[in-house]
Amino acid sequence: MKRRDFLKQSTLASSMFFVPQFLKAFELGTNTTFSNKKVVIIQLKGGNDGLNTVVPFENDIYHNARKTIALQKSEIIKIADGVGLHPSLAPLRNLYDKGFVSIINNVGYPNPNLSHFRSTDIWQTASASNEYLQNGWIGRFLDHTKAESYNAIEVDESLSLMLKGKHQNGLAITNPKMFYSSLREPFFNKIVNNYQDPHLNEHNLGYLYATMIEAKSSSKYIFEKTKTKSQTATTYPKNILGKQMKTIADFVKSGLETQVYYAGLSGFDTHANQQNQQSNLLKIYAETMEAFVNDLEKNNVFDDVLILTFSEFGRRVHQNQSFGTDHGAANNVFVIGKHLKKNGLYNNLPNLAQLDKTGNIQYEIDFREIYATILDKWLQVDDRAILNKSFSKLQFV
């Protein structure tokens, strides 16, 4: 393997690799008791238009604000009086009818930021809009539980801020076999064998070697757990999200101790010609979710999995002149699980007659209330210690 390919596949070229605090994880020890519960987090990247996802199809304000792109009653999938799903979400409707979906509306935070990058950071770190944190809420979960790095996995080639902690980071993995093989390369082993070289440690490189050793240990564990598990014949959509979710399903079925998985689908920044673009993306999302849930159900592991889908913000209520929508604020969040306490519509759709001063939907539920609920009620850890503040708990799980 070429050195360039090695770096790409091992994720040691990712931001996970260059964090000095990683060394401290070795001083903290590990938590030997783990819950069986797992959370799968999916980001619809770019700002999905929630108003055309969960549709108030009988609302005159909605239709007047979106003369061209509003969905009509004949198009939508009705789920309640005056409420329907985008037609591309038909596979999700199948899960909805089984009681597996809770739709939480009007989710956001005070003083919303309309930048993709900043709002994504806010959602990933669970910060206030005027607060800048260097570690993510899942990274702090790893720190708090003194977990191994494989306890949180992002199925990607680089690690997002969400999975970076102060003392411990998660792993970015696309292929467990390739990940394991790359860390057994002579190039890698030669570096690791120099761990005790005093000349190198004089240059503060000790943390780098510690990180590499941790990555090698994790790669072996993941590879050994996944290589023996027979896979089902479940067919996933042939796209990036489908591949990511199949990998996550294989991880879950193999019995990994991993508690958090993270994946994403890009392309939701629909400033122009929104209809076809969003329709195609929501179809990918819905078909993949149905395949993923069916796969887990067939293998009797869905009971312990909770799926959270969010987007960094919604879109404006009024369409723009390019037949699209511009950056908005509050949005809907999907929670998928087998034993939801409250399924269906968790709360009311937005009040389109009472927008904020910029013409955006006002938030009703702070997104950190959702995180606090998952941490406290599902993962059963101290949510306040991880979120740095106490938030109200919701009743969806």
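Predicted model only: the values in this text are computed from it and were never measured.

Undergrad: Explain the pairing of strand 3 (residues 77-80) here, please?
TA: Residues in a regular strand project their side chains so that they alternate between the two faces of the sheet. Of the pairings in the sheet, the one linking strand 3 to strand 4 (residues 83-85) comprises three bridges and is antiparallel in character. When the sheet's bridge partners are listed, Ala80 is paired in strand 4 with Val83.

Undergrad: Would you mind showing me how to read helix 13 (residues 367-378) here?
TA: Residue pairs three or four apart in sequence face the same way in an α-helix, which turns once every 3.6 residues. Taking 1.5 Å of rise per residue, the 12 residues of helix 13 would be expected to cover 16 Å, and the 16 Å separating its terminal C-alpha atoms lies within 8% of that figure. In terms of burial, helix 13 is a largely internal element, 10 of the 12 residues being buried. Looking at helix 13, one finds that the buried residues are Phe367, Arg368, Glu369, Ile370, Tyr371, Ala372, Thr373, Ile374, Leu375 and Trp378. Phi turns positive one or two residues past the end of helix 13, at Gln380, with a value near 55°.

Undergrad: What am I meant to see in the packing of aromatic side chains here?
TA: Two descriptors summarise a pair of aromatic rings, namely the distance from one centre to the other and the angle between the planes of the rings. Under the counting rule described, the total for this entry stands at nine aromatic pairs. Taking the centre distance of 4.5 Å and the plane angle of 25° together, the rings of Trp123 and Phe367 count as stacked. A residue pair is termed long-range when its members are at least 10 positions apart, and Trp123 in helix 5 (residues 116-125) and Phe367 in helix 13 qualify at 244 residues. Since its relative accessible area comes to 4%, Trp123 is described here as buried. Between Trp137 and Tyr371 the ring centres are 3.9 Å apart and the planes differ by 10°, which places this aromatic pair in the stacked class. On the criterion of sequence distance, the pair formed by Trp137 in helix 6 (residues 137-145) and Tyr371 in helix 13 is long-range, its members being 234 residues apart. By relative accessible area, which is 1% here, Trp137 ends up buried. A residue is classified by how much of its surface remains accessible, and Tyr371, at 1% relative accessible area, is buried. By way of ring pairs, the aromatic residues Tyr109, Trp123, Trp137, Phe310, Phe367 and Tyr371 are connected into one cluster. Lys37 extends its terminal NZ or CZ atom over the ring of Trp378, reaching a point 4.5 Å from the ring centre. The ring of Tyr132 carries Arg118 above its face, with NZ or CZ at 3.9 Å from the centroid.

Undergrad: Can you help me understand empty space enclosed by the protein in this one?
TA: Over the atoms rolls a probe the size of a water molecule, and its path tells where empty space is left. For the structure on display, the rule yields two cavities of 30 Å³ or more. If you add up the space inside the largest cavity, you get close to 100 Å³. Considering the residues around the largest cavity, the lining is formed by 13 residues, among which Gly50, Leu51, Asn332, Pro350 and Ile361 are closest to the centre. For the lining of the largest cavity, the secondary structure elements donating two or more residues are strand 5 (101-108) and strand 10 (331-336). Class assignment of the residues belonging to the lining of the largest cavity gives a composition of five nonpolar, six polar and two charged. Leu44, Asn48, Thr53, Leu89, Leu282, Tyr285, Thr309, Phe310, Ser311, Asn331, Asn332 and Phe334 are the residues that line the second largest cavity. Elements with a minimum of two residues in the lining of the second largest cavity: helix 12 (274-298), strand 9 (305-310) and strand 10. The greatest single-element share of the lining of the second largest cavity, amounting to three residues, is contributed by strand 10. The residue makeup of the lining of the second largest cavity, split by class, is six nonpolar, six polar and no charged.

Undergrad: Help me understand the layout of surface pockets, please; the structure alone is not making it clear to me.
TA: One number sums up the size of the second largest pocket: a volume of about 150 Å³. In this structure, the second largest pocket is lined by 11 residues; those nearest its centre are Asn36, Lys38, Val252, Gly255 and Leu256.

Undergrad: Sorry, what's going on with the sheet that holds strand 3 here?
TA: Each strand in a sheet pairs with another by means of backbone hydrogen bonds, the pair being arranged parallel or else antiparallel. Here three strands make up an open sheet; going across it, the order is 2-4-3 and the pairing antiparallel. The open sheet terminates on both sides in strands that have one partner only, identified here as strand 2 (54-55) and strand 3.

Undergrad: For this particular structure, what's the right way to read unusual backbone geometry?
TA: Glycine aside, negative phi is the norm for most residues, and most peptide bonds take the trans geometry. Even without being a glycine, Asn111 presents a positive backbone phi close to 50°. For Asn111, the location among the structural elements is in the loop between strand 5 and helix 5. Phi is positive for Ala126, which is not a glycine, with a value near 60°. Here Ala126 shows up in the loop between helix 5 and helix 6.

Scoring rules and cut-offs
- Throughout this description, residue numbers start from 1 for each chain and increase along the sequence as written.
- Given that the model is predicted, a residue must reach a pLDDT of at least 70 before its local features are reported, and side-chain atom pairs must reach 80 or more before they are shown or counted; all residues, however, enter totals for whole chains, interfaces and linings.
- Calculation of side-chain values draws on the structure's entire complement of heavy atoms; hydrogens and water are dropped beforehand.
- By definition, two strands form a pair when at least two bridges between them are found by DSSP.
- Comment: elements are numbered from the N terminus, with helices defined as DSSP H or I runs of at least four residues and strands as E runs of at least two.
- Multiply 1.5 Å by the residue count of a helix minus one, and that product is the helix's expected span.
- The buried label goes to any residue with under 20% of its type's maximum accessible area, the exposed label to any with over 50%, and the partly exposed label to all in between, with areas taken from a 1.4 Å probe on protein chains only.
- Here a Phe, Tyr or Trp ring, Trp counted by its six-membered ring, pairs with any other such ring whose centre lies within 6.5 Å, and the pair is stacked when the planes are under 30 degrees apart, edge-to-face when over 60, and tilted otherwise.
- Only when the NZ of Lys or the CZ of Arg is both within 6 Å of the ring centre and within 35 degrees of the ring normal is a charge said to sit over the ring.
- Throughout, the protein atoms alone are placed on a 1 Å grid, and a set of points is a cavity if a 1.4 Å probe fits but cannot get out or a pocket if it is open with protein on both sides within 12 Å along at least five of seven lines; lining residues have an atom within 4 Å of a point.
- Grid points are joined across faces, edges and corners, and a volume is the space filled by probe spheres set on the points.
- For this classification, Asp, Glu, Lys and Arg are treated as charged, while Ala, Val, Leu, Ile, Met, Phe, Trp, Tyr, Cys and Pro are nonpolar and the rest, including Gly, are polar.

Just geometry here; none of it tells us what the structure is for.
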